[in-house]
Every structure is written in C-alpha cells, then in structure tokens.
Amino acid sequence: MEEDGTLRLEPHEVALLRGGPRAAVTVAVVDLYLRGAVEPGPPGTVRALPTEPGTAATPLPPLAEAVRWSLEEPLGIRRLTRHPDVRLAVALMRIPLAEDGLLRYPLLGPTRAARRRVRDLRERHPLPGGRRGLTADDRLLAVALHDEAALLLLLPRFALRAGLVERAEVADRGPRRHSPRGGPSGASDPFHCGGGTGGGPD
C-alpha cells in the first residue's frame with residue numbers, strides 16, 4: 001500500500017496508465033533484460049536467452065512472462081505489443097485497474113484518478129541524475145514514469161539496439177572540407193552526433 005492508503009502500483013501498471021500497452025510492454029522487456037532473460041537481437045529487436053539447465057526460474061510478473069514466451073523469434077517492440085499472448089496479458093492486467101477506478105469502461109483509457117496517481121509518482125520520483133546506486137526496481141519505475149528519457153539515461157545501448165527508442169539518423173550531405181581544428185572553416189562539425197555521457201555500459 002502507498003502512504004495514502006491506495007494500492008501500490010507495479011511499474012508495468014504505472015506504464016500502462018501513463019502510456020498505454022506499448023509503454024507497459026517496454027517495461028516488461030526492460031525487466032527481462034535486467035534479469036538476464038533477453039538481449040538485443042538483430043537491429044531493432046529483442047530475443048530471449050535460453051534458461052541455463054539446473055537453474056530455478058524466478059517467478060515473473062504475468063506480462064513479463066507473456067513477453068518472454070512470445071519471443072520464439074526476435075521481435076521488435078511494435079510486433080511484440082501486438083502478439084496475441086501479450087495482448088491477452090495486457091487485457092487481464094487492465095481488469096483490476098478498471099475495478100480500482102483507474103481505467104474507464106468501455107475504452108479503458110486512464111481516469112482522472114489514474115492521471116493524478118501518475119503525476120504524483122512523477123513528482124515523488126523525478127528522473128534520476130545518473131545510474132549509480134539505482135536498484136533494478138528503481139530503473140523499472142524510472143522507465144515506467146519517464147519513458148525514453150529514462151531509457152537513454154539508464155540503458156542507452158540496450159534501448160537503442162533493441163529498438164525501444166528511435167535511433168537518430170543524420171543524412172549524408174556530401175563531402176565537407178575540414179580544417180585542422182575540426183569542422184568546416186574551423187567551426188565545430190555540425191554533423192557530429194557526439195557520444196553518450198552516461199559513463200559505462202548499461
């Protein structure tokens with residue numbers, strides 16, 4: 001329970017209320033990645049990793065379980081969100097949220113109470129200033145609340161390779177002259193996208 005007596009929401013539930021099914025599935029994928037159950041597949045996809053023989057499977061939230069077993073082949077986040085088993089898991093997840101007055105019938109969009117809960121959570125859990133000291137639960141909640149900003153801060157390589165965020169592409173505008181100081185005529189190169197400042201791997 002939260003301090004105000006309301007039912008505590010799991011990160012994937014927060015994500016569903018904030019951004020819909022794709023946001024919830026994104027949190028489930030990140031959950032699986034942090035558990036070592038998935039990795040980036042071919043560009044823009046995620047794939048399941050085999051379970052090592054003799055290891056006891058850690059129970060997963062139902063949505064993460066559905067995502068895990070839907071990855072018979074590498075899938076992008078859009079196709080994964082549309083997978084029948086994942087759609088069923090999202091539908092089942094919506095039932096208690098609707099019963100608690102956080103989703104409205106029949107369209108199952110977030111209610112005013114749901115938007116207020118998400119807003120309050122964002123105020124209490126702002127985007128972290130860095131990765132150091134964060135637990136897996138901290139990362140999941142940050143992604144649930146702050147979406148791409150949290151993905152690029154906390155899991156940049158995985159998020160880009162798995163297609164959870166859009167990769168910025170710079171069009172080739174032909175050959176350019178460079179001065180010894182870097183860019184054309186000594187200016188900074190405007191086509192340089194720069195590197196991440198996160199400091200270290202995901």
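The structure presented is a predicted model; accordingly, all values stated were derived computationally and were not measured.

Can you walk me through the overall build of the protein chain in this structure?
Each helix and strand counted, the protein chain has nine helices and two strands in total. Its helices and strands in sequence order give the protein chain the pattern α-α-β-β-α-α-α-α-α-α-α, from N to C terminus. In the protein chain, which comprises 202 residues, the share counted as buried stands at 37%. Accessible surface, the protein chain: about 12,600 Å² in total, of which carbon and sulfur atoms supply 52%.

How do you make sense of a nonpolar patch on the surface when you look at a structure like this?
Residues L88, L92 and I95 make up a contiguous nonpolar surface patch of roughly 290 Å² in combined accessible area. Among the secondary structure elements, L88 is positioned in helix α5 (residues 84-99).

Got a minute to help me understand a positive patch on the surface in this structure?
On the surface, R104, R112, R115, R116 and R119 cluster together into a positively charged patch. Within the secondary structure, R112 is located in helix α6 (residues 112-124).

Explanation requested: unusual backbone geometry in the structure shown.
Outside of glycine, negative phi angles account for most residues, and trans bonds account for most peptide bonds. A positive phi angle, near 55 degrees, is found at D147, a position not held by glycine. Tracing the chain through its elements places D147 in the loop between α7 (136-146) and α8 (148-154).

Looking at this structure, I do not really get the side chain of H12. What am I missing?
Turning to its location among the elements, H12 is positioned in helix α1 (residues 11-19). Relative accessible area serves as the criterion here: at 13%, H12 is assigned to the buried category. Setting aside its immediate chain neighbours within four residues, H12 contacts A24, V27, P61, L63 and M93.

Would you mind going over the environment of A23 with me for this structure?
By the secondary structure assignment, A23 is in helix α2 (residues 21-34). In the structure, A23 is positioned 141 residues away from L164 in sequence and 9.7 Å away in space, judged by C-alpha atoms. Among residues more than four places away in sequence, those in contact with A23 are A15 and R18.

Would you take a moment to explain the pattern of salt bridges for this structure?
Here the idea is simple: oppositely charged side chains can pair when their charged atoms come close. One pass over the structure, following the stated rule, counts four salt bridges. Measuring nitrogen to oxygen at the nearest pair gives 2.8 Å for the salt bridge that ties D31 to R35. Its salt-bridge partner being R47, residue E39 comes within 2.9 Å of it at the nearest N-O pair.

For this particular structure, what's the right way to read the packing of aromatic side chains?
Given two aromatic rings, their pairing is described by the distance between the two centres and the angle made by the two planes. Overall, the coordinates contain one aromatic pair when judged by the stated rule. When the ring of Y33 is compared with that of F158, the centres are 3.8 Å apart and the planes differ by 10 degrees; the resulting orientation is stacked. Note that Y33 is positioned in helix α2 and F158 in helix α9 (residues 156-161), a separation of 125 residues in sequence. The partly exposed category is assigned to Y33, whose relative accessible area is 23%. A residue is classified by how much of its surface remains accessible, and F158, at 2% relative accessible area, is buried. If you follow R68 out to its NZ or CZ, it ends over the ring of W69, 5.1 Å from the centre.

What am I meant to see in the environment of D202 here?
Inspection of the secondary structure puts D202 in the segment after α9. Sequence-wise, D202 and R157 are 45 residues apart; in three dimensions their C-alpha atoms are separated by 6.3 Å. Contacts of D202, omitting those with residues within four sequence positions, involve Y33, R131, R139, L154, L155, P156, R157 and F158.

Whenever I open this one, the side chain of T111 confuses me. Can you help?
Assignment of secondary structure puts T111 in the loop between α5 and α6. Residue classification places T111 among the buried positions, given a relative accessible area of 14%. The contacts of T111, once residues within four sequence positions are left out, are G101, L102, L103 and R104.

Analysis parameters
Residues numbered from 1 in each chain as written. Predicted model: local features only at pLDDT ≥ 70, side-chain atom pairs only at ≥ 80, totals over all residues. Heavy atoms only, no water. Helix = DSSP H or I, 4+ residues; strand = E, 2+ residues; numbered from the N terminus. Buried < 20%, exposed > 50% of the residue type's maximum accessible area, 1.4 Å probe, protein only. Areas by Shrake-Rupley, 256 points an atom, 1.4 Å probe, with all protein chains shown as cover. Patch = residues over 30% accessible without salt bridge, like charges linked within 9 Å, V, L, I, M, F, W, Y side chains within 5 Å. Salt bridge = Lys/Arg side-chain N within 4 Å of Asp/Glu carboxyl O. Lys, Arg positive; Asp, Glu negative; His and termini not counted. Charge placed at Lys NZ, Arg CZ, Asp CG, Glu CD. Contact = heavy atoms within 4.5 Å. Phe/Tyr/Trp six-rings, centres within 6.5 Å; stacked < 30°, edge-to-face > 60°. Lys NZ or Arg CZ within 6 Å of the ring centre and 35° of its normal.

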